[in-house]
Amino acid sequence: MKSQIDDTTTCFVEDAFVWDAHAGFESRPDARLEQLKIWKDAHVSYLSVNVGYDVRSPKNTIDTLASFRRQIKRLDQQYLLVEHIDDIDRAANSNRLGITFDIEGMESLDGNLDMVSLFYDLGVRQMLFAYNLNNRAGGGCHDEDIGLTQFGREIIEEMNRVGMIVDCSHTGFKTTMEAMELSSKPVIFSHSNPYQLVNHRRNILDDQIKMCASTGGVVGINGIDMFLGGSIAPNTFVDHLAYVSDLVGVEHVGIGLDYADQIESQEIDAVFEENKSFWPVEDYRKPISKFMSPHALPAVVDLLLRRGFTNSELHGILGFNFRRVAKDVWK
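What counts as what
- Residues numbered from 1 in each chain as written.
- Predicted model: local features only at pLDDT ≥ 70, side-chain atom pairs only at ≥ 80, totals over all residues.
- Heavy atoms only, no water.
- Buried < 20%, exposed > 50% of the residue type's maximum accessible area, 1.4 Å probe, protein only.
- Helix = DSSP H or I, 4+ residues; strand = E, 2+ residues; numbered from the N terminus.
- Arc of directions from axis to C-beta.
- Contact = heavy atoms within 4.5 Å.
- Core = buried A, V, L, I, M, F, W, Y, C linked by side-chain atoms within 4.5 Å.
- Salt bridge = Lys/Arg side-chain N within 4 Å of Asp/Glu carboxyl O.
- Axes fitted to C-alpha atoms, helices over the stretch in contact; angles between N-to-C directions.
- Left-handed = near helix turned anticlockwise from the far one by under 90°.
- Nonpolar A, V, L, I, M, F, W, Y, C, P; charged D, E, K, R; others polar.
- Pairing = 2+ DSSP bridges.
- Right-handed = clockwise from strand over helix to strand, strands pointing away.
- Phe/Tyr/Trp six-rings, centres within 6.5 Å; stacked < 30°, edge-to-face > 60°.
- Lys NZ or Arg CZ within 6 Å of the ring centre and 35° of its normal.
- Disulfide = S-S within 2.5 Å.

Q: Please clarify how helix 4 (residues 85-93) should be interpreted in this entry.
A: Every α-helical turn comprises 3.6 residues, leaving residues that sit three or four positions apart pointing alike. Among all positions in helix 4, only Ile85, Asp87, Ile88 and Ala91 are buried. Across the axial projection of helix 4, the buried residues extend over an arc of 150°, all falling on one side. In helix 4, the exposed positions angled more than 90 degrees off the buried face are occupied by Asp86 and Asn93. Residues of helix 4 that are buried make contact with strand 1 (19-23), strand 2 (46-53), strand 3 (79-81), strand 4 (97-104) and helix 13 (311-329). Asn95 sits one or two residues past helix 4 and shows a positive phi near 60°.

Rendered as structure tokens:
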């Protein structure tokens, strides 16, 4: 019986449109992009790949973008650099993984508002305010919550204008609430879990989840062990999906696995050791090391079905909820 269930749910994922709102591997020009095959083999349709974060310099973001664009274009039989919403369908119809980019924290702008439109033209479709610590745009989730700065407010207006999604993961409570109130377009948490289930400052409060939903946005559930409560078992991941669904509606929850493979996670551990201020010891007793794989999605689907979610709701969670936001925001 178990193999029949596995076959059914595996086929469901294979045939579905699957959107992973954030890949967790290290953003640097020499990153091993062959790991994208993990998502493609797991039948993911679209993936947002991070190309920079506040831990590294703005130049690293530019260099990483240049490298990733070149590498992906050379592998155009397997991957497609997505520019418009219709490109996602082109990728799926040609059995390719659609790729765009995201940036975790606004220090990559280097204080220059004009960089927003340049990054958009280079394929960045969502950008976070901060990466755990405060920056020139606003407050991080592991720092004094200063709220939006004037520069941060200008960035939101510019992101809305060019069609880039405002992303509040890794960001302080006050900053996220002000950002969601100011944005004229839906706002997302690309890879954040409910604090009510796991008491960790990287996770988000019910008020943040509700405010996100009120903008028309989506919360992507993160697959990292410490944000799930120490387990990467699919049933734990489903608990978080179901919690957000019960709180604000199934149309406001999706998937943002933040996945990195074993080799990549070892390199992330090294960055962790070198930049401990971004990961305060009271919150991170050990480096992040366990990630739920995209290959676990059939098990997630099986559990959701057992909990009474309909096929239509599953399609929304797997991809169409985030696709709806992109269709509304992207230009």
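What follows picks up the thread again.
Q: Where do I start with unusual backbone geometry in this structure?
A: Note: most residues except glycine have negative phi, and most peptide bonds are trans. Despite not being glycine, Asp110 has its phi angle at roughly 55°, a positive value. Among the structural elements, Asp110 can be located in the loop between strand 4 and helix 5 (115-121). For Asp110, a relative accessible area of 49% corresponds to the partly exposed category. In this structure, Asp258 takes a positive phi of about 60° despite not being glycine. Here Asp258 lies in the loop between strand 9 (253-255) and helix 11 (262-274). According to the relative accessible area criterion, Asp258 is buried, its value standing at 9%.

Q: Help me understand the nonpolar core, please; the structure alone is not making it clear to me.
A: Note that soluble globular proteins tend to have their nonpolar side chains buried in a common cluster. If you look at the biggest cluster of nonpolar residues, it comprises 107 residues, and the most contacted ones within it are Ile99, Phe101 and Trp330. Among the elements that take part in this core, helix 13 stands out by supplying seven residues, more than any other.

Q: Teacher, can you tell me more about the pattern of salt bridges here?
A: Two side chains that carry opposite charge are able to pair once their charged atoms sit near each other. Summed over all chains, the structure comprises 17 salt bridges. Between Glu178 and Arg153 there is a salt bridge; the shortest N-O distance is 3.9 Å. Of this pair, Glu178 sits in helix 7 (residues 173-182) while Arg153 sits in helix 6 (residues 150-162), and the two are 25 residues apart along the sequence. With relative accessibility at 19%, the residue Glu178 sits in the buried group. Through salt bridges that share partners, Glu107, Asp110 and Arg136 make up one connected network.

Q: Would you explain the packing of helix 8 (residues 206-214) against helix 10 (residues 234-248) in this entry?
A: Axis angle and axis distance: for two packed helices, these are the angle between their axes and the distance between the axes, and together they describe the pair. Taken N-terminus to C-terminus, the directions of helix 8 and helix 10 make an angle of 65°; their axes are 10 Å apart at the nearest point. Remark: the crossing between helix 8 and helix 10 carries right-handed chirality. Between helix 8, through Asp206, Ile209, Lys210 and Ala213, and helix 10, the contact on the second element is made entirely by Tyr243, Val244, Leu247 and Val248. Taken together, the residues of the contact of helix 8 with helix 10 break down into six nonpolar, no polar and two charged.

Q: Quick question: what am I supposed to make of the pairing of strand 1 here?
A: With five of five residues buried, strand 1 lies mostly within the body of the structure. Bridge analysis of strand 1 against strand 2 gives three bridges, and the strand direction is parallel. Looking across to strand 2, one finds that Asp20 is bridged to Leu47. Read from strand 1 through helix 2 (residues 36-41) to strand 2, the crossover connection turns out right-handed.

Q: Is there a simple way to think about the packing of aromatic side chains in this case?
A: Both the distance between ring centres and the angle between the ring planes are used here to describe each pair of aromatic rings. Within this structure, the stated rule accounts for 17 aromatic pairs. Summarising the aromatic geometry, the rings of Phe17 and Phe320 are spaced 5.2 Å apart at their centres and angled 35° between planes, so their arrangement reads as tilted. A residue pair is termed long-range when its members are at least 10 positions apart, and Phe17 in the loop between helix 1 (2-15) and strand 1 and Phe320 in helix 13 qualify at 303 residues. Since its relative accessible area comes to 9%, Phe17 is described here as buried. In this structure, Arg125 is placed above the aromatic ring of Trp330, and the distance from its NZ or CZ to the ring centre is 5.8 Å. A cation sits over an aromatic face here: Arg202 above Phe227, 5.0 Å from the ring centre.

Q: Help me out: how do you make sense of the pairing of strand 4 in this one?
A: In summary, the side chains of a regular strand alternate between the two faces of the sheet. Taking burial as the measure, the eight residues of strand 4 include eight buried ones, the bulk of the element. Neither face of strand 4 is left uncovered, since the one carrying Leu97, Ile99, Phe101 and Ile103 and the one carrying Gly98, Thr100, Asp102 and Glu104 both have all their residues buried. Relative to strand 4, strand 2 runs parallel, the two sharing seven bridges. Bridged to Ser48 within strand 4 is Thr100. In this structure, strand 3 lies alongside strand 4, joined through three bridges in parallel fashion. In the strand pairing of strand 4, Leu80 is matched with Gly98. Relative to strand 5 (residues 124-128), strand 4 runs parallel, the two sharing four bridges.

Q: Where do I start with the state of the cysteines in this structure?
A: Here, the word disulfide means a covalent bond between the sulfur atoms of two cysteines. With the rule as written, the count across this model stands at zero disulfides. The cysteine Cys141 is free of any disulfide, with Cys168 supplying the nearest cysteine sulfur at 12 Å. Residue classification places Cys141 among the buried positions, given a relative accessible area of 10%.

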